[in-house]
Amino acid sequence: MKKKKGKDPAFLMYSGDFLVGTMTMTNEQVGKYVRLQCLHHQKGFLTETDLKQYLNDTDLILFEKFFRADDGNYYNQKMLDVINERKEYTANRLKNFQKKKDKE
């Protein structure tokens, strides 16, 4: 995937939340979950096809981590929260920079 102009290239991963949230998963499921989270971050959502590409009938614990939106796409609430927090932080930093620049 190409990097979109202005798109944040990374997201914060809270290790405690991650460990607690994946404690009952197998190592294979954790790997699938990380890939889906990265894809979710890049696209902003997941499609049913995205989920089916990674998950099978035994991955019910992973299916429960994603919710279906009104538009039919899927999302993980924690990932949306992290993305939105990062957007707000970046916007505030830019605003503060702009104020400082205007004063000079």
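Up top is the structure.
Residues numbered from 1 in each chain as written. Predicted model: local features only at pLDDT ≥ 70, side-chain atom pairs only at ≥ 80, totals over all residues. Heavy atoms only, no water.

Caption draft 1: Just the side chain of N76, in detail. Tracing the backbone through its elements, the reader meets N76 in the loop between strand 2 (74-75) and helix 5 (77-103). A distance of 3.1 Å separates a polar side-chain atom of N76 from the backbone nitrogen of K78. At 2.9 Å, the side chain of N76 forms a polar contact with the backbone nitrogen of M79. With sequence-adjacent residues up to four places away left out, N76 is seen in contact with Y33, Q37, H40, K65 and F66. (Helix = DSSP H or I, 4+ residues; strand = E, 2+ residues; numbered from the N terminus. Polar contact = N/O pair within 3.5 Å; in protein donor to acceptor, adjacent residues only side chain to side chain. Contact = heavy atoms within 4.5 Å.)

Caption draft 2: Examining the nonpolar core more closely. By size, the foremost hydrophobic cluster in this structure holds 12 residues: F18, M25, V30, Y33, L36, L39, L46, L51, L55, L62, F66 and Y74. It is helix 2 (residues 27-43) that provides the largest number of residues to this core, a total of 4 residues. Apart from the residues within four sequence positions on either side, Y33 is in contact with F18, T22, M25, L62, K65, F66 and N76. (Core = buried A, V, L, I, M, F, W, Y, C linked by side-chain atoms within 4.5 Å. Buried < 20%, exposed > 50% of the residue type's maximum accessible area, 1.4 Å probe, protein only.)

Caption draft 3: Expanded view of the side chain of D59. As for its placement among the helices and strands, D59 is situated in the loop between helix 3 (48-54) and helix 4 (60-63). Residue classification places D59 among the buried residues on the basis of a relative accessible area of 2%. A distance of 2.7 Å separates polar atoms of two side chains, one belonging to D59 and the other to K32. Setting aside residues up to four positions removed in sequence, D59 forms contacts with Q29, K32 and Y54.

Caption draft 4: A look at the environment of G21. Considering the arrangement of structural elements, one finds G21 in helix 1 (residues 15-22). For the pair G21 and L46, spaced 25 residues apart in sequence, the C-alpha to C-alpha distance is 19 Å.

Caption draft 5: Focus on the pattern of salt bridges. The full count for this structure, using the stated rule, is 6 salt bridges. Among the ionic pairs, D59 bridges to K32, the shortest N-O distance being 2.7 Å. Of this pair, D59 sits in the loop between helix 3 and helix 4 while K32 is found in helix 2, placing the two residues 27 residues apart along the sequence. The exposure class of K32 is buried, given its relative accessible area of 11%. One salt bridge in this structure joins K43 and D50, with 2.6 Å as the shortest N-O distance. Judged by relative accessible area, K43 falls into the partly exposed class, the value being 26%. With a relative accessible area of 8%, D50 lands in the buried category. Linked through salt bridges whose partners overlap, the residues forming this network are E28, K32 and D59. (Salt bridge = Lys/Arg side-chain N within 4 Å of Asp/Glu carboxyl O.)

Caption draft 6: Quick look at helix 2. Helix length check: helix 2, at 17 residues, gives a terminal C-alpha distance of 24 Å against a target of 24 Å (1.5 Å per residue), a fit within 8%. Considered for burial, the residues of helix 2 that qualify are Q29, V30, K32, Y33, L36, Q37, L39, H40 and H41. Of the surrounding elements, those touching the buried residues of helix 2 are helix 1, helix 3, helix 4, strand 2 and helix 5. (Expected span 1.5 Å × (residues − 1).)

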